[in-house]
Every structure is written in C-alpha cells, then in structure tokens.
Amino acid sequence: MRIATFNVNGIRAAQRRGFEHWLRERDPDVVAVQEMRSRAATIPSGVFGPYHLAYDEGVLAGRNGVAILTRQAPAAVRTWSGTAVLRAPGETHTHTVELGPAPLARGLREFADQRRYIEVDLADAPITVASLYLPKGASPPICRSPGECGRPRTAAPATSGRCAS
C-alpha cells in the first residue's frame, strides 16, 4: 500500500502547478492533504480523479482545511470539529456530514474550528490514516530581532545585540 502526504498550499493553486499529474504519476492508494484553503464549493471539479474525498474545510476563507483521498469510501471518518464533507469520485456536492462528537484530548477543543485534523479508517485494510496540519506558528518575541533567538527569555539584553555563546 502506498500512502502519500501533500501540503498543497491551496488546492486551486496546486491544480495549476500540476497536482492532478502528480496524483496520476505517483498513483498512491491514500493521500493525506493539508492546507486545502478552499471551501467545498470551490474545489476544482475532477482534481481528485478516481479518489473518494473526506474533507474538513476551514471556517476562514483561504485558510486551513485538511483532507484524505482514498480509493474506496472510508469505513469511518473522525475530525476534531465533528463534521466533514464526504464525496465519491465525480461528486461536487457541498453537504457537510455530522460525524458525532469526537473525544478530544485536553486543550484541543479550542482548535477544533481551525480544521487541522481528519482521520479515516480504510475500508480495504485495518489501517487508520490521519492528516494533520501543524503550522510552525509565530516566533516567540525573543526571536523576532536578528541575533536575539536562542537567548533565554529572562536574560538581560546583550549589549552587542548578538547572542552570547
């Protein structure tokens, strides 16, 4: 079984850059996709070819969104948000399916609406595949000035403007 992961950085832009060609050439059985940055209604028609789509779309336009593509419809789908768009090959509907409440580890509930996690149980193998998008986040204030990164936050500013070794 071939499982691939692809941070598309926007599915419409990825299509222009040859995503469909990559998908045909690599021929994976499962693809975990991050940063779809698209509402379900604006996913380009046919971009996923013969694959089933499980998609947790972001709530902010042009942000987040994770998906998993599978050759067969997944046996089960779970997301932090408890909803997903599920499509068979060729479908273009935008219906969101309620998956039911998912148990979340302490502290994750506040991130559920950011649509950064989806997992599926494959129908044809006893495997669970997850797609997770973890952004690098902002640099801590200590690292926002040249020569400042690495110095402990409680340290006094270096007089030379460079980090002490």
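Residues numbered from 1 in each chain as written. Predicted model: local features only at pLDDT ≥ 70, side-chain atom pairs only at ≥ 80, totals over all residues. Heavy atoms only, no water.

Digging into the sheet that holds strand E1 (residues 3-7)
Move 1: If you trace the six strands from one edge of the open sheet to the other, you get E1-E2-E4-E3-E6-E7, paired in mixed fashion. What marks the edges here is a single partner per strand, and that holds for E1 and strand E7 (96-98). On average, each strand axis in the sheet is inclined to that of its neighbour by 25 degrees, with strand direction left out of account.
Move 2: Contacts from helix H2 (residues 19-26) reach E1, strand E2 (30-34) and strand E4 (66-70), with the element oriented near 165 degrees to E1. (Pairing = 2+ DSSP bridges. Helix = DSSP H or I, 4+ residues; strand = E, 2+ residues; numbered from the N terminus. Axes fitted to C-alpha atoms, helices over the stretch in contact; angles between N-to-C directions. Contact = heavy atoms within 4.5 Å.)

Examining the pairing of strand E8 (residues 117-121)
Move 1: The buried fraction of E8 is high, at four of five residues.
Move 2: As judged from the four bridges shared by strand E5 (residues 76-79) and E8, these two strands associate in the antiparallel manner. Each bridged residue has a counterpart across the sheet, and for Ala76 the counterpart in E8 is Asp121.
Move 3: The pairing of E8 with strand E9 (residues 128-132) spans five bridges and is antiparallel. Residue Tyr117 lies in a different strand from E9, and its bridge partner there is Leu132.
Move 4: Here E8 hands over to E9 after six residues, the two strands then running antiparallel side by side. (Buried < 20%, exposed > 50% of the residue type's maximum accessible area, 1.4 Å probe, protein only.)

Re the environment of Val31
Move 1: Turning to its location among the elements, Val31 is positioned in strand E2.
Move 2: Note: C-alpha distance between Val31 and Ala130 (99 residues apart in sequence) is 9.6 Å.
Move 3: Once residues lying within four places of it in the same chain are set aside, the contact partners of Val31 are Ala4, Phe6, Trp22, Leu23, Ala67, Ile68 and Leu69.

Some points on the pattern of salt bridges
Move 1: Taken as a whole, this structure holds six salt bridges when the rule is applied.
Move 2: Taken together, the shared-partner salt bridges in this structure form one network comprising Asp27, Asp29 and Arg71. (Salt bridge = Lys/Arg side-chain N within 4 Å of Asp/Glu carboxyl O.)

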